[in-house]
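For reference, the chains in residue letters:
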Amino acid sequence: MIALLALTALLQDNTYDLIIRGGEIVDGSGKDGYIADVAIKGNKIAAIGPNLKGSSKYIDAKGLVVAPGFIDVHTHAENILTLPRAENFVHDGVTTVVIGNCGGSTLDVKKFFRQLNQVQPAINVATLVGHNSVRKEAMGGDYDRAPTKAELTKMEELVHKAMSDGAVGFSTGLEYVPGTYSKTDEVVDLAKIAASFGGIYTSHMRSEGTHEKEALKETFEVGKEGNLPVEVSHIKLDAKPYWGEAEERLKQVSDAREKGIQVTQDVYPYTAYSTTIGLLLPSWVFDGGKLKENLADPDKRKKIESDMVDIRKESGQPDYQWVAIASNDDRRLNGLRIPAAAKLVKGSDSLESQISLIFDLVQENRSSGVFFAMSEDDLVTFMKNPRTMIISDSTAESSKSPDLPHPRAYGSNARVLGQYVREKHVLELPDAIRRMTSLPAKTFKIKDRGLIETGKYADLVVFNPKTIEDQATYPNPRVFPVGIDYVFVNGTPVLEHAAQTKAGPGVPVRRDEP
């Protein structure tokens with residue numbers, strides 16, 4: 001009898017691989033948290049309830065929050081093949097990322113997923129298929145025109161193949177070359193292919209400030225004519241003359257929804273954005289790969305400078321003090337605002353010297369910047385909307401790199417939970433978690449993730465709601481947040497006691513089939 005009891009106890013201890021005990025479960029649904037245990041078996045959540053037994057391994061989560069792993073639907077982490085540890089995402093509680101945003105993506109999704117399995121990433125990865133990448137492949141460098149019938153057919157085939165191989169949708173970057181030269185009917189045509197697979201349309205629109213009203217109209221037209229859901233990427237107002245109009249933009253969104261278009265949007269919790277320094281130049285400069293030729297032509301150079309005056313006026317900026325260099329081969333420049341960098345390199349911080357430096361940086365084609373262009377009030381207004389998700393807009397990062405990326409790469413989720421939930425009370429905790437978990441999963445059709453429910457994948461984050469906080473700053477961005485103790489991906493710990501493990505349990509995530 002004693003032997004039988006001992007055997008029964010042993011079997012009970014092996015029922016689950018791990019039990020997270022006594023935490024406040026904020027399950028991703030938006031409902032209030034509750035105290036319970038969560039049991040993990042293999043890669044799934046096996047049980048939820050009080051006083052669970054059946055494992056000799058456990059984590060004491062009393063006083064901590066247990067949430068679904070955060071899903072970052074707007075990243076540029078295509079470089080995860082070379083940085084599979086994805087340490088900036090892991091430390092910020094991210095367990096799944098969506099890449100291929102702003103029109104730039106892999107075109108061979110099947111091959112990318114095969115390579116992903118080989119490198120064994122720490123996190124899960126889904127991808128969109130990008131319009132700019134498709135357009136480059138089909139049109140070969142001559143972009144300032146409509147595609148020929150043959151080129152459009154090629155583009156359609158590329159989108160079809162990517163969606164067939166599991167892409168979650170179709171993305172555009174209409175502020176960038178070559179997408180900026182496309183017409184709406186071209187985008188609609190390609191979006192319809194994504195729609196036929198049940199995919200989503202995400203857009204970095206043609207304008208995020210000066211002409212945003214028109215850009216939103218076009219985005220909604222694509223959703224309507226293409227008959228698919230729409231995600232407005234990193235919604236913002238990035239031009240001073242338009243600060244304070246966030247409510248008007250959200251009214252456009254709500255009007256579109258009333259007309260039957262499924263629209264959501266995302267934000268990163270900062271008032272600066274980051275992109276290539278080339279965005280400071282008019283897009284026509286880059287067409288046909290003739291950047292250096294255009295800059296070398298005195299007449300065209302004058303035209304470029306004239307257009308840059310117009311761009312600054314529309315943005316409400318007298319010079320380029322609002323732009324900091326984030327990444328450049330000349331490491332002395334990283335972190336400097338454009339005038340200070342011009343002073344260092346050109347010996348003067350005059351506007352003429354600033355423009356000359358910008359031309360140099362763009363020709364090097366290796367410079368990115370941080371652009372301080374938004375207002376906190378607008379950010380909060382966008383964030384409060386119930387259909388707004390939280391994103392990082394980041395690549396995979398290594399803490400050993402000398403570049404100075406945007407701090408959003410290291411602390412977006414922790415910043416929301418620490419600053420906008422605990423300190424400023426902009427969001428309630430259950431709702432903030434919903435925006436990071438179930439809302440992204442539902443919107444992008446990511447199956448069995450984003451909720452703490454029995455049978456779902458065990459992607460989990462355990463954090464202290466009293467101490468969670470971002471530590472990354474603009475001058476010192478490569479600092480991990482505090483307060484996140486554990487992160488599980490597919491049931492395997494990738495963060496333990498706030499230290500990353502060597503595990504690589506991440507998998508490719510394909511679009512959920514209806």
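Structure report, in brief. (Residues numbered from 1 in each chain as written. Predicted model: local features only at pLDDT ≥ 70, side-chain atom pairs only at ≥ 80, totals over all residues. Heavy atoms only, no water.)

### Concerning the sheet that holds strand E6 (residues 70-72)
So, point 1. Here three strands make up an open sheet; going across it, the order is E6-E7-E8 and the pairing parallel. Since the sheet does not close on itself, it has two edges, and those belong to E6 and strand E8 (124-127), each with one partner. The mean inter-strand angle of the sheet, taken between neighbouring strand axes irrespective of direction, is 20°.
So, point 2. The sheet contact formed by strand E7 (residues 94-99) and E8 spans four bridges and is parallel. Its bridge partner being in E8, Thr-96 is matched across the sheet by Asn-124. (Pairing = 2+ DSSP bridges. Helix = DSSP H or I, 4+ residues; strand = E, 2+ residues; numbered from the N terminus. Axes fitted to C-alpha atoms, helices over the stretch in contact; angles between N-to-C directions.)

### Here's the deal with the packing of aromatic side chains
So, point 1. Per the stated rule, a full pass over the model turns up seven aromatic pairs.
So, point 2. For the pair Phe-112 and Phe-113, a centre-to-centre distance of 6.1 Å together with 50° between the ring planes defines the contact as tilted. You'll find Phe-112 and Phe-113 in the same group, each marked buried.
So, point 3. Taken together, Tyr-273, Trp-322 and Phe-371 form an aromatic cluster joined through their ring pairs.
So, point 4. If you follow Arg-337 out to its NZ or CZ, it ends over the ring of Phe-372, 4.0 Å from the centre.
So, point 5. The lysine or arginine in question, Arg-449, covers the ring of Tyr-457, its NZ or CZ lying 4.0 Å from the ring centre. (Phe/Tyr/Trp six-rings, centres within 6.5 Å; stacked < 30°, edge-to-face > 60°. Buried < 20%, exposed > 50% of the residue type's maximum accessible area, 1.4 Å probe, protein only. Lys NZ or Arg CZ within 6 Å of the ring centre and 35° of its normal.)

### Section: the pattern of salt bridges
So, point 1. Inspection of the entire model under this criterion finds 26 salt bridges.
So, point 2. A salt bridge links Arg-206 to Glu-218, with the nearest nitrogen and oxygen atoms 2.8 Å apart. Here Arg-206, found in the loop between strand E11 (200-204) and helix H7 (212-226), pairs with Glu-218, found in helix H7; they are twelve residues apart in sequence, far enough to count as distant.
So, point 3. Note on Glu-218: relative accessible area 10%, which makes it buried. (Salt bridge = Lys/Arg side-chain N within 4 Å of Asp/Glu carboxyl O.)

### A look at the environment of Leu-429
So, point 1. Structurally, Leu-429 is set in helix H15 (residues 429-436).
So, point 2. Note on Leu-429: relative accessible area 18%, which makes it buried.
So, point 3. For the pair Leu-429 and Ala-458, spaced 29 residues apart in sequence, the C-alpha separation works out to 21 Å.
So, point 4. Setting aside chain neighbours within four positions, we find Leu-429 in contact with Val-26, Val-65, Leu-417, Val-421 and Phe-463. (Contact = heavy atoms within 4.5 Å.)

### Some points on empty space enclosed by the protein
So, point 1. One pass over the structure, following the stated rule, counts three cavities of 30 Å³ or more.
So, point 2. Taken together, His-234, Ile-235, Lys-236, Leu-237, Val-267, Tyr-268, Tyr-270, Met-374, Ser-375, Asp-378, Leu-379 and Phe-382 make up the lining of the largest cavity.
So, point 3. It is helix H13 (residues 376-384) that provides the largest number of residues to the lining of the largest cavity, a total of three residues.
So, point 4. Looking at side-chain class alone, the lining of the largest cavity contains eight nonpolar, two polar and two charged residues. (1 Å grid on protein atoms, 1.4 Å probe; cavity = no way out; pocket = protein on both sides within 12 Å on 5 of 7 lines; lining within 4 Å. Points joined across faces, edges and corners; volume = space filled by probe spheres on them. Nonpolar A, V, L, I, M, F, W, Y, C, P; charged D, E, K, R; others polar.)

### With respect to the nonpolar core
So, point 1. With 84 residues, the main nonpolar core has Phe-70, Phe-170, Leu-417 and Phe-463 as its most contacted residues.
So, point 2. It is helix H6 (residues 184-196) that provides the largest number of residues to this core, a total of six residues.
So, point 3. Non-local contacts of Leu-417, meaning those with residues more than four positions away in its chain, are made with Phe-70, Arg-422, Leu-429, Ala-432, Ile-433, Met-436, Phe-463 and Ile-468.
So, point 4. Counting 45 residues, the second-largest nonpolar core is a separate cluster that includes Val-285, Trp-322, Ala-341 and Met-389. (Core = buried A, V, L, I, M, F, W, Y, C linked by side-chain atoms within 4.5 Å.)

### Some points on the environment of Asp-403
So, point 1. Relative to the elements of secondary structure, Asp-403 occurs in the loop between strand E17 (388-390) and helix H14 (408-423).
So, point 2. In this structure the C-alpha to C-alpha distance between Asp-403 and Thr-96, which are 307 residues apart in sequence, comes to 24 Å.
So, point 3. With residues up to four places along the chain from it excluded, the contact list for Asp-403 reads Ala-326, Ser-327, Asn-328, Arg-331, Asn-334 and Arg-478.

### Considering the pairing of strand E3 (residues 44-49)
So, point 1. Taken together, the five bridges between strand E2 (residues 34-41) and E3 define a ladder with antiparallel strand orientation. What sits directly across from Val-38, in E3, is Ile-48.
So, point 2. Hairpin connection between E2 and E3: a loop of two residues separates the two successive antiparallel strands, and Gly-42 in this loop has a positive phi of roughly 65°.

### What to know about helix H4 (residues 131-139)
So, point 1. Most of H4 is tucked away, with seven of its nine residues classed as buried.
So, point 2. Its buried side turned inward, H4 meets strand E9 (129-130), helix H5 (149-164), strand E10 (169-173) and H6.
So, point 3. Just beyond H4, the residue with positive phi is Gly-140, at close to 70°.

### Some words on the pairing of E10
On a regular strand, one side chain projects to one face of the sheet and the next to the other, so that they alternate.
So, point 1. With five of five residues buried, E10 lies mostly within the body of the structure.
So, point 2. Of the two faces of E10, both are covered, the one formed by Gly-169, Ser-171 and Gly-173 as well as the one formed by Phe-170 and Thr-172.
So, point 3. With two bridges joining them, E9 and E10 adopt parallel strand pairing. By the bridge assignment, Val-129 is partnered in E10 with Phe-170.
So, point 4. Both E10 and E11 contribute to a ladder of five bridges, which runs parallel. Within E11, the position partnered with Thr-172 by the bridge is Ser-203.

### Observations concerning unusual backbone geometry
So, point 1. Along the chain, Val-177 connects to Pro-178 via a cis peptide bond; the corresponding omega equals 5°.
So, point 2. If you trace the backbone, Pro-178 turns up in the loop between E10 and H6.
So, point 3. Even without glycine at this site, Lys-445 takes up a positive phi of about 55°.
So, point 4. Relative to the helices and strands, Lys-445 is located in the loop between helix H16 (438-443) and strand E18 (460-463).

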